[in-house]
Amino acid sequence: MFLKKLNLKIYLIDPKILRYPEGYDLADIAKNVNILQYIRDNKELVSKQTFQKHKILCEIYNLQNLDEQELANIYQKVNEQIITKWTQYFELLYALLLKEKVTIFRKYDYTFISLSALKVEYQNWPCYLYSGRITAKGKIEITRKKKNPVELWLESPDRKEYYSIGFRDNHKMLGLFHGWPYRPKQGKCDNFINFIHEIIRSGNDQYTEWLLDWIAHIVQRPEHKDEVSTSIVLRGSKRLGKSFFSRKLMDLIGFDPMNPNKSFALKINSNLQLTGRFNFHLAWKLLVIAEELKWDGRGEGVLKDIIDTPFLTVEPKGRDIYAMPNLMRLIILSNENWIVPATMDESRFFVLDVSEKRKEDIPYFNLLNQHWIDGEREAFLHFLIQRKIQANLRSAPRTKAFFEQVWNSLKAHELWLLESLWDGRFEYETRNPEGKICKSRILWPDNAVLKIGVAEFYDSYMLFIKERNRRDEIIPKNKLKTILERSLKIKIDMKRTGRQRYYVLPSAIRAKTILADLFPEDQAPF
């Protein structure tokens, strides 16, 4: 082959992209091919530097033996190299998705761009294809045609195409995960595990084991989020170690603050970033840290769906909504009293009160951080990979901090009936003989059923609404009984004696027994 005769060593990469140590840009090609004969004929007149520069491109060749066909073969090979180099460049940075319409996925920041926008971006880049002919005087006449490099990539037989994006590579599926940022290495990680046990879990062995299983599942089975329907909630004042714990987990999973879209861990600091409409930043995340989250009562359904659904509905700005596998594990950090909306039959939230044992202990955390950098990070990753997961990660242990979240999340009618049950009485307003408004009480007996008039029952509920200023939650009188039965599972019978209607409720002891599974009496925060 002619290229082998010349021993060509051409690196055709645009100077905007990359220069090899012996590389030349595309403009050099036209110059050098034209002056080959001059160099051959005037070798002794050309400076050593100039001669060496052109010798890199090709060895001197006797142009008198060059015919049209061989010249065409030369430029075919040159053009093939140009196309190959551009194809390698685009395959490195982009992926072609063939869905309903062609879409370009940018591998370097995990965002999307339209094909037309990509062509506009590259239309002014210097990219040419070359051809040549031998004139009647025996000289080589070179012509070049400007091309959009995107079109060369699309027309290349070496171009790859995908139908979807996935966590791991599959047939016609572009995989985004290529391993953890650190190599696991057997060793000691006792310092970090003790920190989890003593500070994050306040010394509770059972809760520590469950938490370690939850973390281990991320590294052992990252794409099997359907096996985890729970979230970690850490509550405590400032400077206890909550953020230190979360940052180390993010470091372990992979977090690049300069390119968060490409990271598999993410930190957010507002409810809107978690439950808002535009949520592409949550796509393909294995771990999301919601720091200093304060629950405002909005987006409850979205939050709970994110925690336990196997699919995530994603809406990037300016693009159509689409569904993708939900890989996200959520850790919520806050120093607020009410953090998450938890119902009495809730199983999604593992709420922990962080210990104040090491509050503002800067030397302790500096030493712990140094141990982490010096090898505990790789050892902890190895520990998690080798750990046998035994916990049921679809249902979180119910802690005292969890029941405080339940209490703060109760609807007005639920809170009213529970307070009446534990207080052992219903209070309502009535008028005394002088016409003044006063409070009356009906006791809830421990060992006998309670009979209370329908009017008094609803008056007691409305007094609670008035005193707690929760008028936006008022339930109509004819629906209160049904809603209470559905939410608290307590049977309320309505009976009539003459014209008087009254409710019959179970005894206080019986009612507490019914509620024990939903809200144990020893966990009541009052």
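About the criteria used
Residues numbered from 1 in each chain as written. Predicted model: local features only at pLDDT ≥ 70, side-chain atom pairs only at ≥ 80, totals over all residues. Heavy atoms only, no water. Helix = DSSP H or I, 4+ residues; strand = E, 2+ residues; numbered from the N terminus. Buried < 20%, exposed > 50% of the residue type's maximum accessible area, 1.4 Å probe, protein only. Contact = heavy atoms within 4.5 Å. Areas by Shrake-Rupley, 256 points an atom, 1.4 Å probe, with all protein chains shown as cover. Pairing = 2+ DSSP bridges. Axes fitted to C-alpha atoms, helices over the stretch in contact; angles between N-to-C directions. Phe/Tyr/Trp six-rings, centres within 6.5 Å; stacked < 30°, edge-to-face > 60°. Lys NZ or Arg CZ within 6 Å of the ring centre and 35° of its normal. Bend = angle between axes of the 7 residues up to and from the residue. Core = buried A, V, L, I, M, F, W, Y, C linked by side-chain atoms within 4.5 Å. 1 Å grid on protein atoms, 1.4 Å probe; cavity = no way out; pocket = protein on both sides within 12 Å on 5 of 7 lines; lining within 4 Å. Points joined across faces, edges and corners; volume = space filled by probe spheres on them. Nonpolar A, V, L, I, M, F, W, Y, C, P; charged D, E, K, R; others polar. Parallel < 35°, antiparallel > 145°, perpendicular 65-115°, else oblique. Left-handed = near helix turned anticlockwise from the far one by under 90°. pLDDT = per-residue confidence, 0-100. Salt bridge = Lys/Arg side-chain N within 4 Å of Asp/Glu carboxyl O.

Caption draft 1: Summary view of the overall build of the protein chain. When helices and strands are tallied, the protein chain shows 18 helices and 19 strands. The buried share of the protein chain, taken over its 526 residues, is 48%. For the protein chain, the proportion of contacts with a sequence separation of at least 24, taken over those separated by at least 6, is 68%. Counting every atom, the protein chain has about 27,700 Å² of accessible surface; 48% of that belongs to carbon and sulfur.

Caption draft 2: Looking closely at the sheet that holds strand 9 (residues 265–268). One open sheet holds the five strands; their spatial order is 9-10-13-8-14, and the pairing between them is parallel. Edge strands, defined here as strands with exactly one partner in the open sheet, are strand 9 and strand 14 (349–353). Put simply, the sheet's adjacent strands are angled 15 degrees from each other on average, direction ignored. Inspection of the sheet shows strand 10 (residues 287–291) paired to strand 13 (residues 329–334) by five bridges, in the parallel sense. Its bridge partner being in strand 13, Ile289 is matched across the sheet by Ile331. Against the sheet, helix 12 (residues 300–308) makes contact with strand 8 (231–235), strand 13 and strand 14, and its axis sits at roughly 100 degrees relative to strand 14, the strand it touches most.

Caption draft 3: Inspection of the packing of aromatic side chains at higher detail. This model, assessed by the stated rule, comprises 40 aromatic pairs. Considering the side-chain rings of Phe105 and Tyr110, the 5.6 Å spacing of their centres and the 35 degrees angle between planes classify their relative orientation as tilted. Aromatic pair Phe457 and Tyr503: ring centres 5.0 Å apart, planes at 75 degrees, arrangement edge-to-face. With Phe457 in helix 16 (residues 454–468) and Tyr503 in strand 19 (residues 500–505), this residue pair connects regions lying 46 residues apart in the sequence. The rings of Phe192, Phe195, Phe244, Phe245, Tyr364, Phe365, Trp372, Phe380 and Phe383 are connected pair by pair, giving a single aromatic cluster. In this arrangement the basic side chain of Arg358 is found over the ring face of Tyr364, its NZ or CZ atom lying 4.2 Å from the centre. Note that Arg377 overlies the ring of Tyr182, its terminal NZ or CZ placed 4.1 Å from the centroid.

Caption draft 4: Seen up close, helix 13 (residues 362–386). At Gly375, helix 13 is bent by approximately 70 degrees, the largest bend along its length. For helix 13, the complete set of buried residues consists of Tyr364, Phe365, Leu368, Trp372, Glu376, Arg377, Glu378, Ala379, Phe380, Leu381 and Leu384. Against the buried residues of helix 13 lie helix 8 (190–200), helix 9 (205–220) and helix 10 (242–253).

Caption draft 5: Spatial organisation of the nonpolar core. Core analysis: the largest hydrophobic core is formed by 123 residues, its most contacted members being Phe195, Trp214, Phe245, Leu287, Phe380, Phe457 and Leu505. It is helix 9 that provides the largest number of residues to this core, a total of nine residues. Once you skip the residues sitting within four places of it in the chain, Trp214 turns out to touch Val228, Thr230, Ser231, Ile232, Leu287, Arg329, Leu330, Ile331 and Leu393. If you look at the next biggest cluster of nonpolar residues, it comprises 24 residues, including Leu71, Ile74, Val78 and Leu152.

Caption draft 6: Examining empty space enclosed by the protein more closely. In this structure the tally under the stated criterion is three cavities of 30 Å³ or more. Along its surface, the second largest cavity is lined by Tyr110, Asn261, Phe280, Ala283, Trp284 and Lys285. Here the lining of the second largest cavity is composed, by residue class, of four nonpolar, one polar and one charged.

Caption draft 7: Structural context of the packing of helix 10 against helix 13. Contact pair helix 10 / helix 13: the axes reach a minimum separation of 11 Å and the direction vectors enclose 45 degrees. It follows that helix 10 is oblique to helix 13 by the angle criterion. Here helix 10 runs over helix 13; the crossing is right-handed. Here Phe244, Lys248, Leu249, Asp251 and Leu252 of helix 10 lie close against helix 13, whose contacting residues are Phe365, Leu368, Asn369, Trp372, Arg377, Phe380, Leu381 and Leu384. Class assignment for the residues of the contact of helix 10 with helix 13 results in nine nonpolar, one polar and three charged.

Caption draft 8: Focus on the pairing of strand 18 (residues 493–497). Inspection of the sheet shows strand 18 paired to strand 19 by five bridges, in the antiparallel sense. Bridged to Lys495 within strand 19 is Tyr502.

Caption draft 9: Main features of unusual backbone geometry. Even without being glycine, Glu360 reaches a positive phi, approximately 55 degrees. Following the sequence through the fold, Glu360 ends up in the loop between strand 14 and helix 13. The backbone of Asn469 shows a phi angle near 55 degrees, a positive value even though the residue is not glycine.

Caption draft 10: Highlighting the sheet that holds strand 3 (residues 111–114). Strand order in the open sheet formed by three strands is 1-2-3, with antiparallel pairing between adjacent strands. Pairing within the sheet leaves two strands with one partner each, and these edge strands are strand 1 (94–98) and strand 3. The mean inter-strand angle of the sheet, taken between neighbouring strand axes irrespective of direction, is 35 degrees. Along the sheet, helix 5 (residues 68–93) contacts strand 1 and strand 2 (102–106); its crossing angle with strand 1, the most-contacted strand, is approximately 80 degrees. Here helix 6 (residues 115–122) sits on the sheet and contacts strand 1, strand 2 and strand 3; the angle it forms with strand 3, its principal contact strand, is near 80 degrees.

Caption draft 11: Representation of the environment of Arg471 in the model. Tracing the sequence through the fold places Arg471 in the loop between helix 16 and helix 17 (477–488). Taking C-alpha positions, Arg471 is 9.1 Å from Ala412, a pair spaced 59 residues apart along the chain. Apart from the residues lying within four places of it in its own chain, the contact partners of Arg471 are Ile465 and Lys466.

Caption draft 12: Structural view of the confidence of the model for the protein chain. Overall, the prediction assigns the protein chain a mean pLDDT of 82, with 84% of residues at 70 or greater. Taken as a whole, residues 1–40 scores under 50 in pLDDT and shows 82 contacts with residues more than four places along the chain or in a different chain.

Caption draft 13: Quick look at the pattern of salt bridges. One pass over the structure, following the stated rule, counts 28 salt bridges. Between Lys491 and Asp493 there is a salt bridge, with the nearest N and O atoms lying 4.0 Å from each other. Given the relative accessible area of 31%, Asp493 is considered partly exposed. Salt bridges here are not isolated pairs; linked through shared partners, they connect Glu300, Lys304, Asp308, Glu346 and Arg348.

Caption draft 14: Just helix 8, in detail. Within helix 8, the full set of buried residues consists of Phe192, Ile193, Phe195, Ile196, His197, Ile199 and Ile200. On its buried side, helix 8 packs onto helix 9, strand 8, helix 10, strand 14 and helix 13. Of the residues one or two after helix 8, Ser202 is the one with positive phi, at around 55 degrees.

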